[in-house]
Amino acid sequence: MIKAVIEYQFLQNALLTCIFASIVCGIIGVIIIEKKMLMMSGGIAHTSYGGVGLGYLLGFEPIIGAFIFSICAAIGIGFIKRKGGTHSDIVIALFWSLGMALGVLFIALMPGYPPNLSSYLFGNILTVTKVDLYLMIAISMIVTAVIGMLYNNWKAYLFDEEFASIIGIKTAILDYLLLILVAMSVVVLIRAVGIILVLALLAAPAATASLLCKKLLSRIIYSILIGLIYCIAGLWISYYLDLASGASIVIFATFSYLLIFLNKKNKK
Amino acid sequence: MSNKAIQIENLSVYYGETPALTGVCLDVEVGEYLGIIGPNGGGKTTLLKAILGLAPITRGSIKIYDNDGKGKEIIGYVPQYAGFDKSFPITLLEVVMTGRLKNGLTPFFRFRHKDMEIAYELIEKVGLKGLENRQISELSGGEFQKMLIARALTLKPRILLLDEPTANVDENARGQIYNLLAELNKDMTIVLVTHDLFAVSSQVGKLACINGKLIYHGEPELSENIVNRLYGCPVDLIAHGVPHRVLRTH
């Protein structure tokens, strides 16, 4: 496979995607697990399907459409959640379904044969384009910078949001910022594993890291490295067995987590 | 300037259409040790949150040291233990240090040596020296509560609000927490929400009873009439181990 990577541009792109996907899922995955926001992240991911459909309909890069829809969903969910009066579960479910419905509608409105959307739904890391890569590089840098710059604030906010608010930390800004970072991360992960499988890649590396270390920063670093192992191993399996890459990554990640979890439980 | 640390006038708090507190008037003097009791859902925590500016005030006002709507930076707050995720990956020292964060959002904020010194000093003060690097998942209920008190003290508060600090705490740790609060009361005003009527009888200087509204405010001795109005079931209270001496009449 190493020879093939040197030889083929699409495999180089796939490897770079693995690296950027691991960075964002490592950082954001740990945070959303601690903040118990996995389902909200699922809602944001699925809403992005509307953007993919709109991209195809209007003839611009579908990933840009996914990016815009994810950000809008993040802000919308955050706004309704903060205003209160309705359960966040309801808001998430509605955004989740609305995004998928809009995607289906936009694709149906397209003249001629509908495009093959499976690479957006289930991921195809081998079809990552230059535009996708540039977007991933920019997003990974933004996610890393925002979390790194405000690391101590994030830690206080994650442990006790109420106290953070009392001491004057702008928790409303952190709330929205986190949702926007989740939306950005989703866009990176869509190309690796697809809209439907995003949640697994957000959860599995971070959950595995939580079994292995007790410090927040260590968890983030472990989560990035574990994510990289999961992505490259999944890619390798898909390459040799000629399987779908997104599914291979997710299945490998999930079984690895379960094995480590069971091993830990047995040791106790 | 009056000697009032907190002045609450005709306070009403509604969550949507549901009243949590109505028409509460309560003054807390500087240096006072006030205990607040009442049934679950009676509005005790809401009152603390209103003082902190975290609950929506529908009517009325709260003044902190004569300052309308300001002065919250001089209030330390110890929340309920039950609201925490004890599996969160953070050490005791890191929790206490969060109290030293600057307000707003400061990029690349790093704690100074002075912050560290203050945190260590307060950890020692609350009796947790040596546990600084312990994960919170490894702390007992009493240690956890003392850690939250140390965190609140990092703000150098003049008023300390505590929400059931002796819940989920064994007898020994409970005594240590009360001793600590009595010591702290020499330097600051304390408002203690509790279900522990032992505290009411032997610790606090004044008592407020709240059940949606203020039912009693005065000396920490409860008459049967007040208990009846507050809980509607004095027998249940006695079954929970209320010391008889707190009741003037039976």
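Residues numbered from 1 in each chain as written. Chains lettered and ligands numbered in written order. Predicted model: local features only at pLDDT ≥ 70, side-chain atom pairs only at ≥ 80, totals over all residues. Heavy atoms only, no water.

1. A closer look at the pattern of salt bridges
Here is the rule: Note on definitions: salt bridges are taken to be side-chain nitrogens of Lys or Arg within 4 Å of carboxyl oxygens of Asp or Glu. Only DSSP runs of H or I covering at least 4 residues are called helices, and only runs of E covering at least 2 are called strands; the numbering of each starts at the N terminus. The buried label goes to any residue with under 20% of its type's maximum accessible area, the exposed label to any with over 50%, and the partly exposed label to all in between, with areas taken from a 1.4 Å probe on protein chains only.
Following the criterion strictly, the structure yields 12 salt bridges over all chains and no others. Measuring nitrogen to oxygen at the nearest pair gives 3.1 Å for the salt bridge that ties D85(B) to K36(A). Of this pair, D85(B) sits in the loop between β6 (75-78) and α2 (92-98) while K36(A) sits in the loop between α2 (9-34) and α3 (38-58), on two different chains. Note on K36(A): relative accessible area 62%, which makes it exposed.

2. Section: the confidence of the model for chain B
Residues and elements named next belong to chain B. The following threshold applies: Residue-level confidence of the predictor is what pLDDT reports, using numbers from 0 through 100. Whether two residues touch is decided by their heavy atoms; if any such pair falls within 4.5 Å, the residues are in contact.
For chain B, mean pLDDT is 84; residues scoring 70 or higher make up 86% of the total. Model confidence for chain B, summarised as mean pLDDT per element, is weakest for helix α8 (residues 234-239) at 41 and strongest for α2 at 95. Throughout residues 233-250 the model reports pLDDT below 50, and contacts reaching past four residues in sequence, or to other chains, amount to 24 contacts. Overall fold confidence (pTM) sits at 0.86, and the ipTM for the predicted complex is 0.84.

3. A short note on the nonpolar core
Counted only if it meets this: Throughout this description, the term nonpolar core refers to a set of buried Ala, Val, Leu, Ile, Met, Phe, Trp, Tyr and Cys residues connected via side-chain atoms within 4.5 Å.
By size, the foremost hydrophobic cluster in this structure holds 119 residues, and its most contacted members are M147(B), I149(B), L160(B) and L181(B). Considering every element that reaches this core, the biggest residue donor is helix α10 (residues 171-193) of chain A, with 14 residues. Setting aside chain neighbours within four positions, we find I149(B) in contact with V78(B), V126(B), L162(B), I177(B), L180(B), L181(B) and L184(B). Ranked by size, the runner-up nonpolar core spans 30 residues in total, among them L11(B), V28(B), L34(B) and A208(B).

4. Regarding the sheet that holds β6(B)
Residues and elements named next belong to chain B. Our working rule: Between any two strands, pairing holds if DSSP finds at least two bridges. All axes are obtained by fitting lines to C-alpha atoms, using only the stretch in contact for helices, and the reported angles, taken between N-to-C directions, cover 0 to 180 degrees.
With mixed pairing, the 6 strands of this open sheet are ordered in space as β6-β7-β8-β3-β9-β10. Looking at the sheet topology across the chains shown, the edges are occupied by β6 and β10 (214-218). The sheet shows a mean angle of 15° between the axes of neighbouring strands, direction not considered. The pairing of strand β9 (residues 206-210) with β10 spans 4 bridges and is antiparallel. Within β10, the position partnered with I210 by the bridge is L214. Sitting on the sheet, helix α1 (residues 44-52) is in contact with β3 (33-37), β6, β7 (159-163), β8 (189-193) and β9, with an inclination near 150° to β7.

5. Structural notes on the pairing of β7(B)
Each regular strand carries side chains that alternate between the two faces of the sheet. Residues and elements named next belong to chain B. Counted residue by residue, β7 has 5 buried out of 5 residues, so it is predominantly covered. Here β7 shows two buried faces, one formed by I159, L161 and D163 and the other by L160 and L162. Two elements, β6 and β7, share 4 bridges in a ladder whose sense is parallel. Bridge pairing links Y77 to L161 in β7. Where β7 and β8 come together, 5 bridges link them in parallel fashion. Following the sheet pairing, L162 is matched in β8 by L192.

6. Here we look at the packing of aromatic side chains
Each aromatic ring pair is characterised by the separation of its centres together with the angle its planes make. Here is the rule we go by: Whether two aromatic rings pair depends on their centres lying within 6.5 Å, for rings of Phe, Tyr and Trp, where Trp uses its six-membered ring; planes under 30 degrees apart make the pair stacked, over 60 edge-to-face, and the rest tilted. Should the NZ of a Lys or the CZ of an Arg lie within 6 Å of a ring centre and within 35 degrees of the ring normal, that charge is described as sitting over the ring.
Per the counting criterion, the structure on display carries 12 aromatic pairs over all chains. Look at Y8(A) and F10(A): their rings are 5.5 Å apart centre to centre, the planes differ by 35°, and that puts the pair in the tilted class. When its relative accessible area of 38% is taken as the criterion, Y8(A) is described as partly exposed. With a centroid separation of 5.1 Å and 85° between ring planes, the pair formed by F109(B) and F111(B) is classed as edge-to-face. Ring pairing ties together the aromatic residues F159(A), Y81(B), F84(B), F88(B) and F144(B), which thus form one cluster. It is R151(B) that lies over the ring of F163(A); its NZ or CZ is 3.6 Å from the centre. Directly above the aromatic system of Y65(B) lies the positively charged group of R158(B), at a separation of 3.9 Å from the ring centroid.

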